[in-house]
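Fold and contact review
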Amino acid sequence: MKLKNDMVNLIVRVEHHLCPQYCGVVDRRRIIAFLLLTISELIIIPYHIMLFLVMKESYGLILCCLHTFVFCLLQFLIWKRKIAFVKGISSLYLLMFAKLALDSVFCINFGLANDNLSVISNLFVVFILAITALSQALYKTCTIITVGMIPMLLIYLFSIPLMSVLFSLKTIFLGFMMLVYVAVYNMSIVTKGLRQPKRMAR
């Protein structure tokens, strides 16, 4: 219970700092996503750097260092409120997408032989990014990520054996279906005509 209260207090403190004037339901979703994304990157970035150093993979290391620099710059601008929070979190999502897209190209062209798992994992994370942006009403960001994912997807499909493509189609199809699901429940028309329980109606 104490951990739960501490988490809620942290979220509230951050939202008062980043959204001092107003914070609705969607804004709180963005704050929570921002905090989780920041924590994830603080773990993933050192892990990737260590992997690239061990494997002596110069392309990956350069990409990771560049990503880290831009990520830290965006974090500084967001926390110092030099840019609007909505613009900041959208920029973080686009940065993540660009990094994953470039990483997939490097995996296909310069990585280990038959490194299909890394690429399909990147595609899966891109789907999560697009769905997350859509659920937070960041429609332009979601559109950019979804459209940008198409050439990334085509590169992947045309660079792997046919059997791997066939087994990967289920994951790709479900990713698009989740995007459709979030898009539908975000429509205002969907919430019209809801049938409330009797005691709530009274």
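Below or above, wherever it landed, is the structure these notes cover. (Residues numbered from 1 in each chain as written. Predicted model: local features only at pLDDT ≥ 70, side-chain atom pairs only at ≥ 80, totals over all residues. Heavy atoms only, no water.)

For the rest of this paragraph, the subject is the overall build of the protein chain. Assigned secondary structure in the protein chain consists of 8 helices and 0 strands. Reading the secondary structure of the protein chain in the N-to-C direction produces α-α-α-α-α-α-α-α. Counting every position in the protein chain, which comprises 202 residues, the buried fraction comes to 36%. Of all intrachain contacts in the protein chain linking residues separated by at least 6 positions in sequence, the fraction that spans at least 24 positions is 68%. When the accessible surface of the protein chain is summed, it comes to about 13,100 Å², and 71% of that surface belongs to carbon and sulfur atoms. (Helix = DSSP H or I, 4+ residues; strand = E, 2+ residues; numbered from the N terminus. Buried < 20%, exposed > 50% of the residue type's maximum accessible area, 1.4 Å probe, protein only. Contact = heavy atoms within 4.5 Å. Areas by Shrake-Rupley, 256 points an atom, 1.4 Å probe, with all protein chains shown as cover.)

A few words now on the pattern of salt bridges. Under the counting rule described, the total for this entry stands at 2 salt bridges. Two residues, Glu-15 and Arg-28, come together in a salt bridge whose shortest N-O distance is 2.8 Å. In this pair, Glu-15 sits in helix H1 (residues 2-18) while Arg-28 sits in helix H2 (residues 25-55), placing the two residues 13 residues apart along the sequence. Residue Arg-28 is classed as partly exposed on the basis of its relative accessible area, which comes to 34%. Asp-27 is the partner of Arg-30 in a salt bridge, and the nearest nitrogen-oxygen pair spans 3.7 Å. Linking Arg-30 with Asp-27, this pair stays in helix H2, spanning 3 residues, or about one helical turn. Judged on exposure class, the residue Arg-30 and its partner Asp-27 are both buried. (Salt bridge = Lys/Arg side-chain N within 4 Å of Asp/Glu carboxyl O.)

On to the packing of aromatic side chains. Evaluated as defined, the whole model comprises 3 aromatic pairs. Geometrically, the ring pair formed by Phe-34 and Trp-79 is tilted, given 5.5 Å between the ring centres and 50° between the ring planes. Highlighted residues: Phe-34 in helix H2 and Trp-79 in helix H3 (residues 58-79), separated in sequence by 45 residues. Overall, the relative accessible area of 0% leaves Phe-34 in the buried class. Of the residues examined, Trp-79 reaches a relative accessible area of 33% and is grouped as partly exposed. With a centroid separation of 5.6 Å and 90° between ring planes, the pair formed by Phe-34 and Phe-85 is classed as edge-to-face. (Phe/Tyr/Trp six-rings, centres within 6.5 Å; stacked < 30°, edge-to-face > 60°.)

Taken together, the side chains of Phe-173, Leu-174, Met-177, Val-180, Val-184, Met-187 and Ile-189 present a nonpolar region at the surface, about 660 Å² in accessible area. Look at Val-180 and you get partly exposed, because its relative accessible area is 44%. (Patch = residues over 30% accessible without salt bridge, like charges linked within 9 Å, V, L, I, M, F, W, Y side chains within 5 Å.)

Another aspect to go through is the state of the cysteines. Evaluation of the coordinates by the stated rule reveals 0 disulfides. Left unpaired, Cys-64 is separated from the closest cysteine sulfur, that of Cys-65, by 6.1 Å. Given the relative accessible area of 1%, Cys-64 is considered buried. (Disulfide = S-S within 2.5 Å.)

Nonpolar side chains tend to gather and get buried jointly when the protein is soluble and globular. The biggest cluster of nonpolar side chains holds 45 residues, and the ones touching the most others in it are Leu-18, Ile-31, Phe-34, Phe-85 and Tyr-93. Sequence-distant contacts of Phe-85, that is, excluding residues within four places in its chain, are made with Leu-18, Cys-19, Arg-30, Ile-31, Phe-34 and Ile-78. (Core = buried A, V, L, I, M, F, W, Y, C linked by side-chain atoms within 4.5 Å.)

Further remarks concern the packing of helix H4 (residues 85-109) against helix H6 (residues 139-157). Put simply, H4 and H6 touch, their axes get as near as 10 Å, and they point 5° apart. With respect to their mutual orientation, H4 and H6 come out roughly parallel. Touching Ser-90, Tyr-93, Leu-94, Phe-97, Leu-100, Ala-101, Ser-104, Val-105 and Ile-108 of H4 are Thr-141, Ile-144, Ile-145, Gly-148, Met-149, Met-152, Ile-155 and Tyr-156, all from H6. In the contact of H4 with H6, the residues fall into 13 nonpolar, 4 polar and no charged. (Axes fitted to C-alpha atoms, helices over the stretch in contact; angles between N-to-C directions. Parallel < 35°, antiparallel > 145°, perpendicular 65-115°, else oblique. Nonpolar A, V, L, I, M, F, W, Y, C, P; charged D, E, K, R; others polar.)

Where H2 contacts H4, the axes come no closer than 12 Å and their chain directions differ by 30°. The angle between H2 and H4 falls in the class roughly parallel. Remark: the crossing between H2 and H4 carries left-handed chirality. Note on element contacts: H4 touches H2 through Phe-85, Val-86, Ile-89, Leu-92, Tyr-93, Met-96, Lys-99 and Asp-103, opposite Arg-30, Ile-31, Ala-33, Phe-34, Leu-37, Glu-41, His-48 and Phe-52. Of the residues assigned to the contact of H2 with H4, the class counts are 11 nonpolar, 1 polar and 4 charged. (Left-handed = near helix turned anticlockwise from the far one by under 90°.)

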